[in-house]
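Take a look at the letters that make up each chain.
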Amino acid sequence: MSRFTVEVLVTPRPGLLDPQGKAIHHALASLGYDAVEDVRVGKAIYLEVAAASAEEAAERVEEACRKLLANPVTEDFRVTAEAPR
């Protein structure tokens, strides 16, 4: 088995209220960053996973996302696995 670094990016689903994103957007606008049109705040989770392949590591983490790491009603997630450098 090899060790893989797996990155999970969890984001609020489009169209759902994101109060933290709105607050940051408002603060950026007040600082003069008018070119920023929208802000969405999510979370990044990094895991070290032992697996036979990057695909297997990603599959295991996707299952964990569906069960624990992301709320399937309000959040989307993207999983990326690669061998550590």
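Quick caveat, the model's predicted, so the values are computed rather than measured.

1. A word on the sheet that holds strand β1 (residues 2-12)
Thought 1: Across the sheet, which stays open at both edges, the three strands sit in the order β2-β1-β3 with antiparallel pairing between neighbours. This sheet does not close on itself; its edge strands, each paired only once, are β2 (43-51) and β3 (75-82). Sheet twist, expressed as the average angle between the axes of neighbouring strands with direction ignored, equals 25°.

2. Regarding the nonpolar core
Thought 1: In terms of nonpolar packing, the biggest core is built from 15 residues, with V6, V8, A57, V61, C65 and V79 touching the most fellow members.
Thought 2: Of all the secondary-structure elements, those providing two or more residues to this core are β1, β2, α2 (54-69) and β3.
Thought 3: The element that contributes the greatest number of residues to this core is α2, accounting for five residues.
Thought 4: Leave out the neighbours within four places in its chain, and V79 touches V6, E7, V8, A58, V61, E62 and C65.

3. Overview of the pattern of salt bridges
Thought 1: The tally for this structure, following the rule as stated, stands at five salt bridges.
Thought 2: For D76, the salt bridge is made with R13, and the minimal N-O distance between the two is 2.8 Å. One end of the pair, D76, is in strand β3; the other, R13, is in the loop between β1 and α1 (19-30), and 63 residues separate them in sequence.
Thought 3: In this structure D76 comes out as partly exposed when scored by relative accessible area, which is 29%.
Thought 4: K22 is the salt-bridge partner of D38, the closest N and O atoms lying 3.9 Å from each other. Separated by 16 residues along the polypeptide, D38 in the loop between α1 and β2 and K22 in helix α1 bring together distant segments of the chain.
Thought 5: On the accessibility criterion, D38 (47% relative accessible area) is partly exposed.
Thought 6: The class of K22 is partly exposed, set by a relative accessible area of 48%.

4. Some remarks on α1
Thought 1: In this model α1 runs 17 Å from its N-terminal to its C-terminal C-alpha over 12 residues, within 8% of the 16 Å that 1.5 Å per residue would give.
Thought 2: Looking one or two residues beyond α1, the residue adopting positive phi is G32, at roughly 95°.

5. With respect to the environment of A81
Thought 1: Note that A81 resides in strand β3.
Thought 2: For the pair formed by A81 and A54, sequence separation is 27 residues and the distance between their alpha carbons is 5.4 Å.

6. Focus: the side chain of D18
Thought 1: In this fold, D18 is placed in the loop between β1 and α1.
Thought 2: Of the side chains bearing the opposite charge, R40 lies closest to the buried D18, which forms no salt bridge; the N-O distance is 4.2 Å.
Thought 3: A polar side-chain atom of D18 sits 2.8 Å from the main-chain amide nitrogen of V41.
Thought 4: With near-sequence residues (within four places) excluded, D18 lies in contact with P12, V39, R40 and V41.

Cut-off values and rules
Residues numbered from 1 in each chain as written. Predicted model: local features only at pLDDT ≥ 70, side-chain atom pairs only at ≥ 80, totals over all residues. Heavy atoms only, no water. Pairing = 2+ DSSP bridges. Helix = DSSP H or I, 4+ residues; strand = E, 2+ residues; numbered from the N terminus. Axes fitted to C-alpha atoms, helices over the stretch in contact; angles between N-to-C directions. Core = buried A, V, L, I, M, F, W, Y, C linked by side-chain atoms within 4.5 Å. Buried < 20%, exposed > 50% of the residue type's maximum accessible area, 1.4 Å probe, protein only. Contact = heavy atoms within 4.5 Å. Salt bridge = Lys/Arg side-chain N within 4 Å of Asp/Glu carboxyl O. Expected span 1.5 Å × (residues − 1). Lys, Arg positive; Asp, Glu negative; His and termini not counted. Polar contact = N/O pair within 3.5 Å; in protein donor to acceptor, adjacent residues only side chain to side chain.

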